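# Inside the fold
Below, each chain spelled out in residue letters.
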Amino acid sequence: MWPYFILFLVPAYLAFREQAESELPSLSGQTQNQSLGWWIAGITIALMVGLRHEVGGDWNNYERNFFNAAYGGVLDALTGDDPGYRLLEWLAIELDLGIHFVNLCGAFIFASGLVVFCRNLPRPWLALTVAVPYLVIVVGMGYARQGIALGCLMIGLVALNNYRVRAFVAWALLAGLFHKSAVLVLPMAALAASHNRWLTILWVGVVAVSAYFFLLESAVEQLRAGYLEASYQSEGALVRLTMNAIPALIFLAKYKEFSQSYVNGRLWGAMALMAILLLGAFFVVESSTAVDRIALYLLPLQLVVFAAAPVALKQSAEATAQRTGGAFRNVSTYTTLYYGFALVVWLVFATHSYAWV
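Conventions and cut-offs
- Residues numbered from 1 in each chain as written.
- Predicted model: local features only at pLDDT ≥ 70, side-chain atom pairs only at ≥ 80, totals over all residues.
- Heavy atoms only, no water.
- Core = buried A, V, L, I, M, F, W, Y, C linked by side-chain atoms within 4.5 Å.
- Buried < 20%, exposed > 50% of the residue type's maximum accessible area, 1.4 Å probe, protein only.
- Helix = DSSP H or I, 4+ residues; strand = E, 2+ residues; numbered from the N terminus.
- Contact = heavy atoms within 4.5 Å.
- Phe/Tyr/Trp six-rings, centres within 6.5 Å; stacked < 30°, edge-to-face > 60°.
- Lys NZ or Arg CZ within 6 Å of the ring centre and 35° of its normal.
- Patch = residues over 30% accessible without salt bridge, like charges linked within 9 Å, V, L, I, M, F, W, Y side chains within 5 Å.
- Areas by Shrake-Rupley, 256 points an atom, 1.4 Å probe, with all protein chains shown as cover.
- Salt bridge = Lys/Arg side-chain N within 4 Å of Asp/Glu carboxyl O.
- Axes fitted to C-alpha atoms, helices over the stretch in contact; angles between N-to-C directions.
- Parallel < 35°, antiparallel > 145°, perpendicular 65-115°, else oblique.
- Left-handed = near helix turned anticlockwise from the far one by under 90°.

## Remarks on the nonpolar core
Leu114, Leu135, Phe168 and Leu303 are the most contacted members of the largest nonpolar core, which totals 91 residues. Examining the composition of this core, we find that 14 residues originate from one element, helix H7 (residues 124-142), more than from any other. Leaving out residues up to four positions away in the same chain, leucine 135 has contacts with Phe110, Leu114, Gly140, Leu150, Met154, Leu299 and Leu303. Core analysis: the next-biggest nonpolar cluster, separate from the first, contains 11 residues, Tyr62, Tyr85, Leu88 and Val102 among them.

## What about the packing of aromatic side chains?
Between two aromatic rings, the relevant description is the distance of the centres plus the angle of the planes. In total, this model carries 11 aromatic pairs according to the counting rule given. Taking the centre distance of 5.2 Å and the plane angle of 90° together, the rings of phenylalanine 282 and phenylalanine 283 count as edge-to-face. Where tyrosine 338 meets tyrosine 339, the ring centres are 4.8 Å apart and the plane angle is 70°; that geometry is what we call edge-to-face. An aromatic cluster is present here, built from Phe251, Tyr255 and Phe258 joined pairwise through their rings. Stacked on the ring of tyrosine 143, the Lys or Arg arginine 293 has its end atom at 4.2 Å from the ring centre.

## Regarding a nonpolar patch on the surface
Taken together, the side chains of Met1, Phe341, Val344, Val345, Val348, Phe349 and Val357 define a hydrophobic patch exposed on the protein surface, amounting to about 670 Å² of accessible area. As for its position among the elements, valine 344 is in helix H18 (residues 331-349).

## Quick notes on unusual backbone geometry
In this structure, aspartate 82 is a non-glycine residue whose phi angle is positive, near 50°. Looking at the secondary structure, you find aspartate 82 in the loop between helix H4 (74-79) and helix H5 (83-94).

## Concerning the packing of H7 against helix H16 (residues 300-312)
When two helices pack together, their arrangement is given by the angle between their axes and by how far apart the axes lie. Between H7 and H16, the shortest axis-to-axis distance is 8 Å and the interhelical angle comes to 150°. As the angle between them shows, H7 and H16 are arranged roughly antiparallel. The crossing of H7 and H16 is right-handed. Note on element contacts: H16 touches H7 through Gln302, Leu303, Phe306, Ala307 and Pro310, opposite Leu126, Ala127, Val130, Ala131 and Leu135.

Keep in mind these values describe shape, not function.
See below:
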């Protein structure tokens, strides 16, 4: 288990340093050193995720699909499900590089998106600390295609947070080439529009419908039979949905503070509402797996809320600290302890953690 703990503890240590340095004036050369640190972090995550061997609950399925891809050609890859991922498989087969090449390429896309996303938050190292236990270890190392899609979407969300709707749509469509379900997030572009809202809703709607027919429609029946009719259940889905709902409630409770400090309130408010609705859907929908997989695309909400909280809630935290003798003075500390506890519990008690250890 020690590689996972190191992967968590290093950004956690840097998050504590980040918290201490936030009160100090900028130092000469600090930006250059931070850039080097992020390069190292991104490459480390990409190598660890990409060069894993027999790690992850779906490893055997991905390996079997890779061997089956050897019987097809480039046309089969481009016309099949998730053509972006299938094209990586075809390239690996042509170059005789094996499934590790596919994983490594995907891991660099995932890690790049994660680094870009974290670096655009008020507490970047704290955001990476939050990401490690589930987004990196479980999703990045377990759900290869959705991990790549999330990497693309995180870059798109940075653009959308800055009201760059077209850039977000482009990244979301690219994400859909690696996992078709990613096109479900396209309507968020319309929700986050700041001007020409009805025109934005119109053209985003056209793009979303087109993407549905080109990427998702052919798989709807298969997904319905596989998830809903079979009533697939995911162990720990309720816990994971709750981990999305907690920051969602924090964001909505302090909507004004978060919106003023950093984030596009309309965008992340919509994602917060979706997180709460998905938690409710867990008790209604027969297949918890279907709800759980959709909720993966809301994971960036956790990074945004907990990385922005030390800034957004600074005054509230200081007021609370005065009333409670300083018990809640450091939001970063409690966030790190919370996610450290989540990592330990998952590695020790999760039903399928053996596939990672």
